[in-house]
Every structure is written in C-alpha cells, then in structure tokens.
Amino acid sequence: MGGAVLPKLEVRGHIGTYMEDFQDCGFHHNDSCEISIVLEGRGVFETPDKKHFIEDGHIIIVPRGMLHRFGAVTKVRFGVIHIANGPERLEQWLRMLAAGPDVSELPTAADVQGRLRAGDKSSEGQYGLASDGEEGAGAQAHAQHAGTSSVRIAALSRIDKERFEGLLRECLREVSYPLKEREVTIVAWLEVLVLFLLEHSQTNVQALTVTKAADYIRENMRSNVQISDLAELSGLSVPSFRRLFEQTYAMSPKQYQQQCRMNEAKWLLTATDKDIQEIALQVGFTRMHSFSQWFKETEGQAPTAWRKHQQMRSHM
C-alpha cells in the first residue's frame, strides 16, 4: 500500500508600490501563512474587528484563514510572501513567528478616533482616518467567519529592514527560477527568512525606540559614540535609554558596540585580504597595537594568528 501523498510546497510573493488610494477590494483569507513588510511609506492593516496603522519597517504575520485587508495611507511599498505546505521544521518556525504577542501599543482606529474626539487634529492629518460608518456592516458580517488566531505585528530596524528586503528579493528570484533541487533550495531560503525575523524583529514598541541607536552604533564603528548622544537620538534620558537598551539587547550599549566591532573585525579577517592596519581603522582603532591587544584579550590570539588559524581550519 502506498503512503499518503504530502501536499506540495507552495510559495508566492512580490514586492510592489501602491498609491495612497489603494485598498484591497474586500476582506479575504488565504490558505497560506502570509508575511508582509512595509518597505516604505504608511498603510493600514484591518481585520473585521480591528484596524492597525502600519509604517516603514513593520512586519505583519497573518495566519491561515484570517480575514483581513491592506490599504495605503501614503504611497507605500510592500513586500509579501505566502508560504503553504512547508516541511515540519519550517512550519514549526512559522508557528513560533506567529505566536508572538499582538502589538497592542500600535494605534488602532479607535485610538485615533479617541484622539480626534479629544481635540488632537494631528492624527486626522497623519492617518486620514475613516469614520465608524466606513467600517460598516459588511466588515461586521465577515467577523463571525474570522478565526481565533491573532495577527502578529512586529518591526525591524532600518538596517535590518534593508537586509531583510535583500533576502526577500533573492528568495523570490530563486522561486521564479527552474532549479535542480527546487524544494530543498526554496525551503532553505524560506528558513533563512523566517529565522532572520525570529532573531531581529521586535514586538515591544518601546524597544523599537532603541533600534535607531543600535543602527547608529553599527554604522559608526569608527567613532567613539557617546551614550548621551544615543539617548538623545532615542528621545530618552540616559538612565531610561540604558535600561531599555539592556532589556532589548541583553547587554549595555558599550558591550554592544564592542560586539559589533569584533564581529566586523572577524568578518574582515576571514572574508577579505585587507591588512591588519586597515581592519583596525575600519572598526575604530587608530593604532594597530591597541587593536591587536583588544582582539587578543577577547579571542586569545592576535588577529594575524587568528586569521591563519581560520584559514587552516577551512582547508582541513
């Protein structure tokens, strides 16, 4: 007797730009897990009973069977990928990704309407809010069909958003190609995408305020960045910034900077032929001796010896 035929992996997606008058024709659901990212601009994500305003860097994970629709508030660029019938490990990671808490701190329609009633006209201009009547009986009629699963809305920092867009583009390119080992290759790309989101996305809106500072540290490794400047960038006092940064990254800003410098130094040592002096300058050391001493204290070997050891290991 033959075994049961497993459903075939299904993957589809696109990256596209929509004008400010864009809106899905109506509420709909998918037989796939949908991952959408706002790459530029602002938009709106709705279920029959809730509306969230979304913007640059927001990730929306929509579970199978959930009624929903997207719209634009400004000109907006979305990246979207649908995944169905993946192998168990991928499906498990998708469930983990979707299991994070809903970002209730994001402004819902009711939140913005409350601000308008309280006299905050800035929300009206920012979001172009629809009235209660425009939510309409049609959405309520669909609500009874909505699943119990909740949507998850997370966010990526600017640098991580750009990295994710690059991964998504390459994944969609692979999906469109005739591949020798199609399913294995595509599953590998999908796992990279999902693991990237599990590792780098944030669902705590407060934590998102420090991601700008983390991006700044990564982009300015040559500079002696001051914590007071990072706190100002995040709109926080120094004690509040330090506490929130440590809650988000499980290390102090200084430790984070040192980790970024070390990771960059190791990458340059293994993936380039740059000399030690050039690498030292690139990660913020003006004196090669200081760089070598710092590297040896952390890794137990000087940079030159560490590089040779890595080269030997790669040829074993």
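Remember, it's a predicted structure, so these values are computed and weren't measured experimentally. (Residues numbered from 1 in each chain as written. Predicted model: local features only at pLDDT ≥ 70, side-chain atom pairs only at ≥ 80, totals over all residues. Heavy atoms only, no water.)

**Student:** Where do I start with the overall build of the chain in this structure?
**Tutor:** When helices and strands are tallied, the chain shows 13 helices and 8 strands. Per-residue burial over the chain gives 43% buried out of 316 residues. A total of about 17,400 Å² of accessible surface is found on the chain, and carbon and sulfur atoms cover 50% of it. (Helix = DSSP H or I, 4+ residues; strand = E, 2+ residues; numbered from the N terminus. Buried < 20%, exposed > 50% of the residue type's maximum accessible area, 1.4 Å probe, protein only. Areas by Shrake-Rupley, 256 points an atom, 1.4 Å probe, with all protein chains shown as cover.)

**Student:** Would you explain the sheet that holds strand β8 (residues 152-155) in this entry?
**Tutor:** Strand pairing in a sheet takes place through backbone hydrogen bonds and is either antiparallel or parallel in direction. With antiparallel pairing, the 5 strands of this open sheet are ordered in space as β1-β7-β2-β5-β8. Edge positions in the sheet fall to β1 (10-18) and β8, since each of these pairs with one other strand and no more. Each strand axis lies, on average, 15° off the axis of its neighbour in the sheet, ignoring direction. Bridge count between strand β2 (residues 33-40) and strand β7 (residues 76-84): 7 bridges; the pairing is antiparallel. Residue pairing across strands places Cys 33 opposite Ile 83, the latter belonging to β7. Running at roughly 120° to β7, helix α6 (residues 182-200) makes contact with β1, β2, β5 (58-62), β7 and β8 of the sheet. (Pairing = 2+ DSSP bridges. Axes fitted to C-alpha atoms, helices over the stretch in contact; angles between N-to-C directions. Contact = heavy atoms within 4.5 Å.)

**Student:** Is there a simple way to explain helix α5 (residues 158-176) in this structure?
**Tutor:** Given 3.6 residues to a turn, an α-helix orients residues that are three or four positions apart in the same direction. Here α5 spans 27 Å end to end across 19 residues, near enough to the 27 Å set by a 1.5 Å rise per residue. Turning to α5, its buried residues are Ile 159, Asp 160, Lys 161, Phe 164, Glu 165, Leu 168, Cys 171, Leu 172, Glu 174 and Val 175. (Expected span 1.5 Å × (residues − 1).)

**Student:** Can you walk me through the pattern of salt bridges in this structure?
**Tutor:** As a working rule, side chains carrying opposite charge can pair if their charged atoms are close by. Applying the stated criterion across every chain yields a total of 15 salt bridges. A salt bridge links Arg 169 to Glu 165; the shortest N-O distance between them is 3.1 Å. Here Arg 169 pairs with Glu 165, and both are found in helix α5, just 4 residues apart, close to one helical turn. Classification of Glu 165 as buried rests on a relative accessible area of 13%. (Salt bridge = Lys/Arg side-chain N within 4 Å of Asp/Glu carboxyl O.)

**Student:** Would you explain helix α9 (residues 238-249) in this entry?
**Tutor:** Taking 1.5 Å as the rise per residue, α9 with 12 residues should run 16 Å; its terminal C-alpha atoms sit 16 Å apart, in good agreement. Within α9 the residues assigned to the buried category are Phe 241, Leu 244, Phe 245 and Thr 248. The buried side chains of α9 occupy one side of the element, clustering within an arc of 105° when seen end-on. Residues of α9 that are exposed and point more than 90 degrees away from the buried face comprise Pro 239 and Gln 247. (Arc of directions from axis to C-beta.)

**Student:** How should I be thinking about the nonpolar core in this particular structure?
**Tutor:** Of all hydrophobic cores here, the largest spans 27 residues; its most connected members are Ile 35, Ile 81, Phe 164 and Leu 190. For this core, the elements supplying multiple residues, two or more each, are β2, β5, β7, α1 (88-98), α5 and α6. No other element matches the 7 residues that α6 contributes to this core. When neighbours within four sequence positions are excluded, Ile 81 is seen to be in contact with Val 11, Arg 12, Gly 13, Cys 33, Glu 34, Ile 35, Leu 168, Cys 171, Leu 172, Leu 190 and Leu 193. Among the nonpolar cores identified, the runner-up in size contains 14 residues, and Ala 214, Ile 217, Ala 231 and Phe 241 belong to it. (Core = buried A, V, L, I, M, F, W, Y, C linked by side-chain atoms within 4.5 Å.)

**Student:** Looking at this model, I keep getting lost on the confidence of the model for the chain. Mind explaining?
**Tutor:** Chain-level pLDDT for the chain is 82 on average; 81% of the residues reach the 70-or-more range. Note that pLDDT drops below 50 for residues 101-148; the model gives that stretch 67 contacts with residues more than four away or on any other chain. (pLDDT = per-residue confidence, 0-100.)

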